[in-house]
Amino acid sequence: MKILKIGIICLFLISFSILLSNQEAFAEDITVTSSTANSQTIIEVKNDRKSDAELDSIRIWLSGNETFKSFKTQHGWIGEINQQGVLTIAAYNDGLTSGQTLKFSITTSSETPLINWKAIDKLSLIHI
């Protein structure tokens, strides 16, 4: 019985470490840049040409008491702000594949917002 518990724990740790190593590999393939003027921020998400990731969605949230006033996505993507103030930009057909770039804009309550983001890979369901 004790050996079975140790085996299950080892299997869990190995699975968890594999998941983390894949996550780090995909994270290196995604570049996010932004520029802000007059409370409007343009965000650009680039998927490297060598990447195997296909980004399905991007989640964005602001630090502190900052809030979204509006947003605009490019064609093929839709957005929604949930009750917790998280903006999700999602592909409604194909995601962001290797070599592609996604641009969208947000208007916030701050002239210099602190932006947090997470990219979601469609194929492996790994958070980047």
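Presented here is a report on the structure given in the accompanying data block. Within every chain, residues take consecutive numbers counted from 1 along the sequence as written. Reporting of local features is limited, given that this is a predicted model, to residues whose pLDDT is at least 70; pairs of side-chain atoms are given and counted only at 80 or more, and all residues count toward the totals for whole chains, interfaces and linings. To obtain the side-chain values, all non-hydrogen atoms of the structure were used and water was disregarded.

**Brief notes about the overall build of the protein**
Strands are runs of DSSP state E lasting at least two residues, helices are runs of H or I lasting at least four, and both sets are numbered from the N terminus onward. A count of helices and strands for the protein gives 1 helix and 8 strands. Put simply, the protein runs from its N terminus to its C terminus through helices and strands in the order α-β-β-β-β-β-β-β-β. Residue burial is assigned from relative accessible area. The probe radius is 1.4 Å, only protein chains are included, and a residue is buried under 20% of its type maximum, exposed over 50%, and partly exposed in between. Counting across all 128 residues of the protein, residues that qualify as buried make up 30%. Note on contacts: a residue pair qualifies if any of its non-hydrogen atoms lie within 4.5 Å across the two residues. Summarising the internal contacts of the protein: among those between residues at least 6 apart in sequence, 66% fall at separations of at least 24. Only the protein chains shown count as cover for residues, and all accessible areas are computed by the Shrake-Rupley method using a 1.4 Å probe. In the form shown here, the protein has an accessible surface area of approximately 8,500 Å², with 54% of it arising from carbon and sulfur atoms.

**Description of unusual backbone geometry**
Peptide bonds are trans in most cases, and residues, glycine excluded, mostly fall at negative phi. With a phi angle near 55°, N38 is a residue other than glycine that sits in the positive phi range. Among the residues examined, N38 registers a relative accessible area of 71% and is labelled exposed. Residue S39 is not a glycine yet carries a positive backbone phi of 65°. Along the chain, S39 falls in the loop between β1 (30-37) and β2 (40-47). The exposure class of S39 is buried, given its relative accessible area of 14%.

**Things to note about the sheet that holds β2**
Only when DSSP finds a minimum of two bridges between them are two strands counted as paired. Pairing within the open sheet is antiparallel, and its 4 strands lie in the order β1-β2-β7-β4. Of all strands in the sheet, those bounded by a partner on one side alone are β1 and β4 (68-73). Adjacent strand axes in the sheet meet at a mean angle of 20°, parallel and antiparallel pairs treated alike. Pairing analysis gives 7 bridges linking β2 to strand β7 (residues 101-108), with the strands arranged antiparallel. Residue T41 lies in a different strand from β7, and its bridge partner there is I106. Simply put, an axis is a line fit to the C-alpha atoms, just over the touching stretch for a helix, and the angle between two N-to-C directions goes from 0 to 180 degrees.

**Focus: the pattern of salt bridges**
We define a salt bridge as a side-chain nitrogen of Lys or Arg found within 4 Å of a carboxyl oxygen belonging to Asp or Glu. Tallied over the entire structure, the rule returns 2 salt bridges. In this structure, the salt-bridge partner of K46 is E44, at a minimum N-O distance of 3.5 Å. The partly exposed category is assigned to K46, whose relative accessible area is 39%. Classification of E44 by relative accessible area gives buried; the value is 17%.

**Remarks on the sheet that holds strand β8 (residues 115-121)**
Spatial strand order, β5-β6-β3-β8: 4 strands in an open sheet with antiparallel pairing. Looking along the sheet, the strands with just one partner apiece sit at the ends: β5 (77-81) and β8. Each adjacent strand pair in this sheet contributes to an overall mean axis angle of 15°, direction not counted. Pairing of strand β3 (residues 55-62) with strand β6 (residues 87-91) involves 4 bridges; the strand directions are antiparallel. By the bridge assignment for β6, S57 is matched with A90.

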